Amino acid sequence: MKFFLDTANLDEIRQANEWGIVDGVTTNPTLIAHEKGVDYCQRLKEICQIVPGPVSAEVVGETKEQMLKEADRFLGIARNIAVKLPATEQGIRALKVLAGRGAMVNITLCFQAMQALVVARLGATFVSPFVGRLDDIEDPGMNLIRSIRTIYDNYGFKTQILAASIRSTMHLIQAAEIGADVATVPYKVFAGMLKHPLTDIGLRQFMDDWHKAQQAMSQLPPNVV
Ligand code: E4P
């Protein structure tokens, strides 16, 4: 499973990128709003310079025409831009045009499998089922990932399942078990991916034992060493 970072914050992107496993970045209007006063296109350009993989740029237009206009602006920023369109009728009309031109498209706000089937038929590069937001309304989000995986495998669709609205490491493990192609991860969850209390306790124990052994060695008479 590939990892995208779900943020528009440059420090987070730079830090996570040092791990060597960041395959792309997703942004949305809310994430940009967190970066007070930042110009969206300028920020996308900066992100694309750090991460060579797909960087999702989300449109805010309501009609197909507005979406396509924004898409043109985004696609002029860098070669690795993926245009993020909503899973709506206007969104899929814009998808048809952009996919026809060979542009990368990420269909966002996917909450049911039919949306995923339709956008795969139209050649979307990614579909983003929102796991956490479904969990929030007591509808297990992983069931949607599983259902889309089954449908895509049944017909050999190439659209990549991009598990989004990820809230925990457990979400990542479950998405990987089901076979999501990508998960987009908030920095806080990303930074916690290697954390386990037993790893920390075990490491401390090994270090303490090592130091004790070194100390014991240094106390032996010289002819024994
Ligand atoms: C990513 O593409 C989505 O916009 C993002 O994962 C949504 O996450 P949220 O539900 O935590 O806002």
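Since this is a predicted model, take the numbers as computed values, not measurements.

## Here we look at the overall build of the protein chain
Scanning the protein chain from N- to C-terminus turns up 11 helices and eight strands. Over its C-alpha atoms the protein chain spans a radius of gyration of 22 Å, topping by over 25% the 17 Å that the globule rule assigns to 225 residues. By its C-alpha atoms, the protein chain is 85 × 40 × 30 Å across when sized along the principal axes. Looking at the protein chain as a whole, 44% of its 225 residues qualify as buried. Look at the contacts in the protein chain between residues 6 or more apart in sequence, and 56% of them connect residues 24 or more apart.

## Comments concerning the packing of helix α6 (residues 113-121) against helix α8 (residues 141-155)
At a minimum axis separation of 9 Å, α6 and α8 run at an interaxial angle of 35°. Seen from above, α6 lies across α8 with right-handed handedness. Across from A113, A116, L117, V119 and A120 in α6, the residues of α8 making contact are L144, S147, I148, I151 and Y152. Considered class by class, the residues forming the contact of α6 with α8 number nine nonpolar, one polar and no charged.

## Some details on the nonpolar core
Proteins that are soluble and globular tend to have nonpolar side chains buried together. Within the largest apolar cluster, 62 residues are counted, with the highest numbers of intra-cluster contacts made by F74, L85, L98, I107, I145, I148 and Y152. Among the elements that take part in this core, α8 stands out by supplying six residues, more than any other. If near-sequence neighbours (up to four positions away) are discounted, I148 is found in contact with C110, A113, A116, P129 and I161.

## What about the environment of T169?
Residue placement: T169 occurs in helix α9 (residues 169-178). In the structure, T169 is positioned 26 residues away from K195 in sequence and 9.6 Å away in space, judged by C-alpha atoms. The residues contacting T169, other than those within four sequence positions of it, are V189 and G192.

## Details of the sheet that holds strand β2 (residues 22-26)
If you walk around this closed barrel you meet the eight strands as β1-β2-β3-β4-β5-β6-β7-β8, and the pairing is parallel. Mean inter-strand twist for the sheet, computed between neighbouring axes without regard to direction, equals 25°. Here strand β7 (residues 160-163) pairs with strand β8 (residues 182-185) via two bridges, running parallel. Bridge assignment links L162 to a residue of β8, and that residue is V182. Here helix α3 (residues 40-50) sits on the sheet and contacts β2, β3 (55-58) and β4 (81-86); the angle it forms with β3, its principal contact strand, is near 170°. With respect to the sheet, helix α5 (residues 89-100) is in contact with β4 and β5 (104-110), its orientation differing from that of β4 by roughly 150°.

## Overview of the site of the ligand
Surveying the vicinity of the ligand reveals the residues D6, T26, N28, K84, F130, R133, A164, S165, R167 and T184. The side chain of N28 places a nitrogen or oxygen atom 2.8 Å from an oxygen atom of the ligand. Here R133 contributes a side-chain N or O atom positioned 2.7 Å from an oxygen atom of the ligand. Coverage of the ligand by the protein amounts to 84% of the 340 Å² it exposes when considered alone. Taken atom by atom, the bulk of the ligand overlaps the largest pocket. The residue inventory of the shell around the ligand, partitioned by class, reads two nonpolar, four polar and four charged.

## Re the pairing of β2
Extensive coverage of β2 is indicated by the burial of four of its five residues. Tracing the backbone out of strand β1 (residues 2-6), into helix α1 (residues 10-17) and back to the parallel element β2 gives a crossover that is right-handed. Where β2 and β3 come together, two bridges link them in parallel fashion. Within β3, the position partnered with V25 by the bridge is V55.

Rules used in this analysis
Residues numbered from 1 in each chain as written. Predicted model: local features only at pLDDT ≥ 70, side-chain atom pairs only at ≥ 80, totals over all residues. Heavy atoms only, no water. Helix = DSSP H or I, 4+ residues; strand = E, 2+ residues; numbered from the N terminus. Rg over C-alpha atoms; globule rule 2.2 N^0.38 Å. Buried < 20%, exposed > 50% of the residue type's maximum accessible area, 1.4 Å probe, protein only. Contact = heavy atoms within 4.5 Å. Axes fitted to C-alpha atoms, helices over the stretch in contact; angles between N-to-C directions. Left-handed = near helix turned anticlockwise from the far one by under 90°. Nonpolar A, V, L, I, M, F, W, Y, C, P; charged D, E, K, R; others polar. Core = buried A, V, L, I, M, F, W, Y, C linked by side-chain atoms within 4.5 Å. Pairing = 2+ DSSP bridges. Near = heavy atom within 4 Å. Polar contact = N/O pair within 3.5 Å; in protein donor to acceptor, adjacent residues only side chain to side chain. Areas by Shrake-Rupley, 256 points an atom, 1.4 Å probe, with all protein chains shown as cover. 1 Å grid on protein atoms, 1.4 Å probe; cavity = no way out; pocket = protein on both sides within 12 Å on 5 of 7 lines; lining within 4 Å. Sits in = over half its atoms within 2 Å of the grid points. Right-handed = clockwise from strand over helix to strand, strands pointing away.

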